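Below, each chain spelled out in residue letters.
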Amino acid sequence: MADTSMNISLTGIGTYTGIFVYTDCGNIGVNCETGAVNGFQGGDMLIDNYSVTAGTTYYIVISTWPSPQSTAYIH
């Protein structure tokens, strides 16, 4: 395994959706490495060319606001 970069994209999602990348479970909801949000207009999201380090675990969290706090997405 080698250091590289990756693209993370979400399509077909609702409004007020966010995608966040973490490297520690203790940081989830507190301090993300990077993220993207789409607000009231909705629309696709892209985290482009995100650098990753070999041997590191990454947690990708998809979140929404307000209720029902769920969104469909195509991955």
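Above this note sits the structure.
Throughout what follows, the structure given in this document is the object of discussion. (Residues numbered from 1 in each chain as written. Predicted model: local features only at pLDDT ≥ 70, side-chain atom pairs only at ≥ 80, totals over all residues. Heavy atoms only, no water.)

**Things to note about a nonpolar patch on the surface**
The line we're drawing: Note that patches include only residues with greater than 30% relative accessible area and no salt bridge, and the join distances are 9 Å for like charges and 5 Å for nonpolar side chains (Val, Leu, Ile, Met, Phe, Trp, Tyr). Per-residue and other accessible areas were derived by the Shrake-Rupley procedure at a 1.4 Å probe size, with only the shown protein chains allowed to occlude residues. Salt bridges are defined as contacts in which a side-chain nitrogen from Lys or Arg sits within 4 Å of a carboxyl oxygen from Asp or Glu. Counting from the N terminus, the helices are the DSSP runs of H or I reaching at least four residues and the strands are the DSSP runs of E reaching at least two.
On the surface, a cluster of nonpolar side chains totalling about 400 Å² of accessible area is made up of Tyr16, Phe40 and Trp65. Summarising the element assignment, Tyr16 is placed in the loop between β1 (4-10) and β2 (17-22).

**Remarks on the nonpolar core**
Note the threshold: Among buried residues, those of type Ala, Val, Leu, Ile, Met, Phe, Trp, Tyr and Cys that are joined through side-chain atoms within 4.5 Å constitute a nonpolar core. The rule is simple: take the accessible area with a 1.4 Å probe, protein chains only, and divide by the maximum for that residue type; under 20% is buried, over 50% is exposed, in between is partly exposed. In this description, contact between two residues means that some pair of their heavy atoms is separated by no more than 4.5 Å.
Judged by nonpolar contacts, Ile8, Leu10, Ile13, Ile19, Val21, Ala36, Met45, Ile47, Tyr50 and Val52 together constitute the single largest core of 10 residues. Where this core is concerned, the elements lending two or more residues are β1, β2 and β4 (45-52). Apart from the residues within four sequence positions on either side, Ile8 is in contact with Ile19, Val21, Met45, Leu46, Ile47 and Ile60.

**Things to note about the environment of Tyr73**
Tracing the backbone shows Tyr73 in the segment after β5 (59-64). Here Tyr73 falls in the partly exposed class, since its relative accessible area comes to 41%. Counting along the chain gives 14 residues from Tyr73 to Tyr59, while the straight-line C-alpha distance between them is 17 Å. Those residues in contact with Tyr73 that sit more than four places away from it in its chain are Leu10, Thr11, Gly12, Ile13 and Ile62.

**Here we look at the sheet that holds β2**
Let me state the cut-off plainly: The rule for pairing is simple: two strands pair if DSSP sees at least two bridges between them. Axis geometry follows a simple rule: fit a line to the C-alpha atoms, using only the stretch in contact for helices, then measure angles between N-to-C directions, giving values from 0 to 180 degrees.
The strand order β3-β2-β5 describes an open sheet built from three strands, whose pairing is antiparallel. In this open sheet, the two strands that pair with only one neighbour each are β3 (34-37) and β5. The average undirected angle you get between the axes of adjacent strands in this sheet is 15°. Where β2 meets β3, four bridges bridge the pair, whose relative direction is antiparallel. In the strand pairing of β3, Gly18 is matched with Val37.

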